[in-house]
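Okay, here's what each chain looks like letter by letter:
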Amino acid sequence: MSSVLYDTPGPRAKRRNVLLSVVFFVLLAAVAWYVWRVLDDKSQLRWALWQPFTTSEAWTTYLLPGLVNTLKAAALAMVIALPLGAVFGIARLSDHRWVRSVASVVVEFFRAIPVLLLMLFANEFFSRYTQVTSDDRPFYAVVTGLVFYNASVLAEVVRAGILALPKGQTEAAYAIGLRKGQTMTSILLPQAVTAMLPAIVSQLVVIVKDTALGGVMLGFAELLSERGTLAANYANVIASFVVVAVIYIVLNFALTSFASWLEGRLRRSKRSTGAVLGAEDMEELNPAAVGGAFGTGANGDGGVIGITTTRPKKQ
């Protein structure tokens, strides 16, 4: 089926696509076979190296505690970074120049610094100027670094999502008497969230993976650092890397799958009915708009106002 961006392939294009697919899968199989042979020659496929993962000790002592710490740090960073990023993203669209300037400086500053450097700075700050214990300090440093960096990135995502909406949305909101704050919270943000969701989820996946930086540099007992302790006890470095990689894949796949489901649900719930609001409906939404510039119908009989709005479909 042809579209603006895609033409239906002809017979030659179909044969070429099939040939390229076959070549790709043959090369993929060859690479997999080569990796298998190398691991087998190095005795990395022996059951003794993989057997510890079938026991509860490897999971309850090393992997699960590390996974819990990873999820705790990532969840706390998400909960703080999301609203903070939204605030700074909206602040960059403010009509007040000083608000825009301050928000822009903060966002650009923290977006330009590597997240690992932010974690190291935070760890040193907590060490020198706070009473946080040495046991809790890595956790606080990891969360702080993740919050500052990802909030600045999410601020740009929010700003771009709002600017991507048609200007007619804002003009229509002003036309019915809504203030800028009402327009932002009631009209622009709900629509922008759906469009921004894939980018937001991608950043949340980055947060989960970046917790590993704290384990490498700060001694934070997250999943990857606990893997090192497990590998030292069982001498199964390659096997432990494979298992931890699978855990990260499953975790991030679950996060992206939930986001896809949520995005679809939000899109279905926001389908427009194309309804035309009457004066009574307008009065419920904004009493100030009725009786003012728009008032009632031309004959004073409560006629309709020529503004269409988006309503969620009734269940």
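The model shown is predicted, which means the values in this text are computed figures rather than measured ones. (Residues numbered from 1 in each chain as written. Predicted model: local features only at pLDDT ≥ 70, side-chain atom pairs only at ≥ 80, totals over all residues. Heavy atoms only, no water.)

### Quick look at unusual backbone geometry
Stage number 1. One non-glycine residue, Ser43, lies in the positive phi region at around 60 degrees.
Stage number 2. With respect to the helices and strands, the residue Ser43 is situated in the loop between α1 (11–41) and α2 (47–50).
Stage number 3. For Ser43, a relative accessible area of 33% puts it in the partly exposed group.
Stage number 4. Positive phi values are uncommon outside glycine, yet Ala235 reaches one of about 55 degrees.
Stage number 5. Along the chain, Ala235 falls in the loop between α9 (223–234) and α10 (237–269).
Stage number 6. Since its relative accessible area comes to 57%, Ala235 is described here as exposed. (Helix = DSSP H or I, 4+ residues; strand = E, 2+ residues; numbered from the N terminus. Buried < 20%, exposed > 50% of the residue type's maximum accessible area, 1.4 Å probe, protein only.)

### Comments concerning a nonpolar patch on the surface
Stage number 1. On the surface, Val237, Ile238, Phe241, Val242, Val246 and Val250 cluster together to form a nonpolar patch covering roughly 470 Å² of accessible area.
Stage number 2. If you trace the backbone, Val237 turns up in helix α10. (Patch = residues over 30% accessible without salt bridge, like charges linked within 9 Å, V, L, I, M, F, W, Y side chains within 5 Å. Areas by Shrake-Rupley, 256 points an atom, 1.4 Å probe, with all protein chains shown as cover. Salt bridge = Lys/Arg side-chain N within 4 Å of Asp/Glu carboxyl O.)

### Quick notes on the pattern of salt bridges
Stage number 1. Tallied over the full model, the rule gives 5 salt bridges.
Stage number 2. Where Arg92 meets Glu108, a salt bridge forms, and the shortest distance between an N and an O atom there is 3.3 Å. Separated by 16 residues along the polypeptide, Arg92 in the loop between α3 (56–91) and α4 (97–112) and Glu108 in helix α4 bring together distant segments of the chain.
Stage number 3. For Arg92, a relative accessible area of 16% gives the class buried.

### Points about helix α8 (residues 180–217)
Stage number 1. The terminal C-alpha atoms of α8 lie 45 Å apart, and with 38 residues this falls more than 12% below the ideal 56 Å at 1.5 Å per residue.
Stage number 2. Of all the bends in α8, the greatest, near 55 degrees, is centred on Met196, and the proline Pro198 appears no more than four residues after it.
Stage number 3. Of the residues trailing α8, Gly219 is marked for its positive phi of about 75 degrees. (Expected span 1.5 Å × (residues − 1). Bend = angle between axes of the 7 residues up to and from the residue.)

### Looking at the nonpolar core
One recurring pattern in soluble globular proteins is that nonpolar side chains are buried together.
Stage number 1. Residues Leu63, Val142, Leu146, Ile162, Ile207 and Leu223 are the most contacted members of the largest nonpolar core, which totals 50 residues.
Stage number 2. Within the residue set of this core, elements represented by two or more residues are α3, α5 (115–129), α6 (137–163), α8, α9 and α10.
Stage number 3. Per-element accounting of this core gives the leading share, 11 residues, to α8.
Stage number 4. Residue contacts for Ile207: discarding those within four places in its chain leaves Ala74, Ala77, Met78, Leu146 and Asn150. (Core = buried A, V, L, I, M, F, W, Y, C linked by side-chain atoms within 4.5 Å. Contact = heavy atoms within 4.5 Å.)

### As for the packing of α3 against α6
Stage number 1. Between α3 and α6, whose axes approach to 6 Å, the crossing angle comes to 40 degrees. In terms of axis orientation, α3 runs oblique to α6. In terms of crossing hand, the pair formed by α3 and α6 is right-handed.
Stage number 2. By residue class, the composition of the contact of α3 with α6 is 20 nonpolar, 3 polar and 2 charged. (Axes fitted to C-alpha atoms, helices over the stretch in contact; angles between N-to-C directions. Parallel < 35°, antiparallel > 145°, perpendicular 65-115°, else oblique. Left-handed = near helix turned anticlockwise from the far one by under 90°. Nonpolar A, V, L, I, M, F, W, Y, C, P; charged D, E, K, R; others polar.)

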